[in-house]
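Here is what each chain is made of, one letter per residue.
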Amino acid sequence: MENIELFSARVCPFAHRSRLALMEKNLPFTLIEIDLRNKPDWYLQLNPAGAVPALRQGNFILCESLIINEYINECCAEPALLPATAQQRADARLWIDYVGSKFIPLFYRLLKAQKKEDQDVVAANLCRVLAVLDDELNRRKREGPYWFGWQVGLTDIALYPWFERWAMLEHYRGLVIPDNLTSLLGWIETMQGRDAIRLGSEPVDYYIGEYADYAVRAK
Ligand SMILES: N[C@@H](CCC(=O)N[C@@H](CS)C(=O)NCC(=O)O)C(=O)O
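These numbers come from a predicted model, not from an experiment.

Description of the sheet that holds strand S4 (residues 60–63)
1) Next: The sheet built from four strands is open, its strands ordered S2-S1-S3-S4 with mixed pairing. This sheet does not close on itself; its edge strands, each paired only once, are strand S2 (29–33) and S4. Strand-to-strand twist across the sheet, computed as the mean angle between neighbouring axes with direction ignored, equals 20°.
2) Next: The pairing of strand S1 (residues 4–8) with strand S3 (residues 54–57) spans three bridges and is antiparallel. Paired with Glu5 across the bridge in S3 is Arg56.

Structure (structure tokens):
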């Protein structure tokens, strides 16, 4: 198999998804860090949208973290990052869609909200989404600690990077994950124990510094 290159940025949770997928698949890859504040011309030529992540394998170039992760999953059979049946795979993708359409927008909306009254409204909505995730994980718990049983998968990977950045959100907006969401908290702890996550994690101070533009000087 041709070498995989991943164009990434440490700060970026979307790129984090694809780093995690490659590591969980045990695929060798070359990581190329892109400075998002000063993108090199060669990167803009390779990926005119200028966003990370992007994957290159020979002449093949792919953007969008979720599409990249599906591709990575198909590069080799084991370990499978999607469940065994077509119905379960549809369910996995539905939850990935929920993460993208409901959870992530509220995360950024809260981070960017400058007025206390706006922050309170968004925080309440975000807590409702956290409760939905907790309920779902609770319902699935008998099958194993991950979204689909005993093996980490693309749904876990699509969601986790924002929890690595949660302490930063808490720093700026004071929103703690409620104690009663024990299934969600248990899942986060399980994820934090994985090598792929421990080896690629960044300290909270790094995220606090990197997200200051969003939180303090929101556009
Ligand atoms: N939908 C894209 C989103 C990627 C994205 O927004 N990446 C950000 C960094 S976290 C980026 O590269 N933004 C372009 C820029 O900063 O100019 C994906 O899932 O890959």
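A few points about the pairing of S1
1) Next: Taking burial as the measure, the five residues of S1 include four buried ones, the bulk of the element.
2) Next: Tracing the backbone out of S1, into helix H1 (residues 13–24) and back to the parallel element S2 gives a crossover that is right-handed.

Quick word on unusual backbone geometry
1) Next: The amide bond that connects Val52 to the next residue, Pro53, takes the cis arrangement and shows omega of 5°.
2) Next: Within the secondary structure, Pro53 sits in the loop between helix H2 (41–46) and S3.
3) Next: Residue Glu78 is joined to Pro79 through a cis peptide bond whose omega torsion reads -10°.
4) Next: Located in the positive-phi region is Asn26, a residue other than glycine, with phi close to 60°.
5) Next: For Glu64, which is not glycine, the phi torsion reads 80° and is therefore positive.
6) Next: Residue position: Glu64 is located in the loop between S4 and helix H3 (65–75).
7) Next: Note on Glu64: 16 C-beta atoms within 10 Å, which makes it partly exposed.

Quick look at the nonpolar core
1) Next: Ala21, Val52, Ala92, Leu154, Ile157 and Tyr160 are the most contacted members of the largest nonpolar core, which totals 34 residues.
2) Next: For this core, the elements supplying multiple residues, two or more each, are S1, H1, S3, H3, helix H4 (86–112), helix H5 (116–140), helix H6 (154–164) and helix H8 (182–192).
3) Next: Per-element accounting of this core gives the leading share, six residues, to H6.
4) Next: The residues that make up this core include at least three from each of domain 1 (4–75) and domain 2 (86–215).
5) Next: In this structure Val52 touches Phe7, Ser8, Ala9, Cys12, Ala15, Ile34 and Leu36, once residues within four positions along its chain are discounted.
6) Next: Membership of the second largest hydrophobic core comes to nine residues, among which are Leu110, Val122, Leu175 and Tyr207.

Things to note about H6
1) Next: Within H6, 10 of the 11 residues are buried, leaving the element largely enclosed by the surrounding structure.
2) Next: Residues of H6 that are buried include every one of Leu154, Thr155, Asp156, Ile157, Ala158, Leu159, Tyr160, Pro161, Phe163 and Glu164, and no others.
3) Next: In this structure, the buried residues of H6 make contact with H1, H3, H4, helix H7 (166–173), H8 and helix H9 (195–199).

Quick notes on the site of the ligand
1) Next: Within the structure, the ligand sits among Cys12, Phe14, Leu36, Gly50, Ala51, Val52, Pro53, Glu64, Ser65 and Leu66.
2) Next: Considered class by class, the residues forming the shell around the ligand number seven nonpolar, two polar and one charged.

What about the domain arrangement of the protein?
1) Next: By domain assignment, the protein separates into domain 1 (4–75) and domain 2 (86–215).
2) Next: Distance from the C-alpha centre of domain 1 to the C-alpha centre of domain 2: 21 Å.
3) Next: By residue class, the composition of the side of domain 1 that touches domain 2 is six nonpolar, three polar and four charged.

Considerations on the packing of H1 against H3
1) Next: The interhelical angle for the contact between H1 and H3, taken along N-to-C directions, is 5°, at an axis separation of 9 Å. Between H1 and H3, the interaxial angle falls into the category roughly parallel. Contacts from Phe14, Ala15, Arg17, Ser18, Ala21 and Leu22 of H1 reach H3 at Ser65, Ile68, Asn69, Ile72 and Asn73.
2) Next: Looking at the contact of H1 with H3, its residues break down into six nonpolar, four polar and one charged.

What counts and what doesn't
- Residues numbered from 1 in each chain as written.
- Predicted model: local features only at pLDDT ≥ 70, side-chain atom pairs only at ≥ 80, totals over all residues.
- Pairing = 2+ DSSP bridges.
- Helix = DSSP H or I, 4+ residues; strand = E, 2+ residues; numbered from the N terminus.
- Axes fitted to C-alpha atoms, helices over the stretch in contact; angles between N-to-C directions.
- Buried ≥ 20, exposed ≤ 12 C-beta atoms within 10 Å, placed from the backbone.
- Right-handed = clockwise from strand over helix to strand, strands pointing away.
- Core = buried A, V, L, I, M, F, W, Y, C linked by C-beta atoms within 7 Å.
- Domains from an automatic or database assignment.
- Contact = placed C-beta atoms within 7 Å.
- Near = placed C-beta within 6 Å.
- Nonpolar A, V, L, I, M, F, W, Y, C, P; charged D, E, K, R; others polar.
- Parallel < 35°, antiparallel > 145°, perpendicular 65-115°, else oblique.

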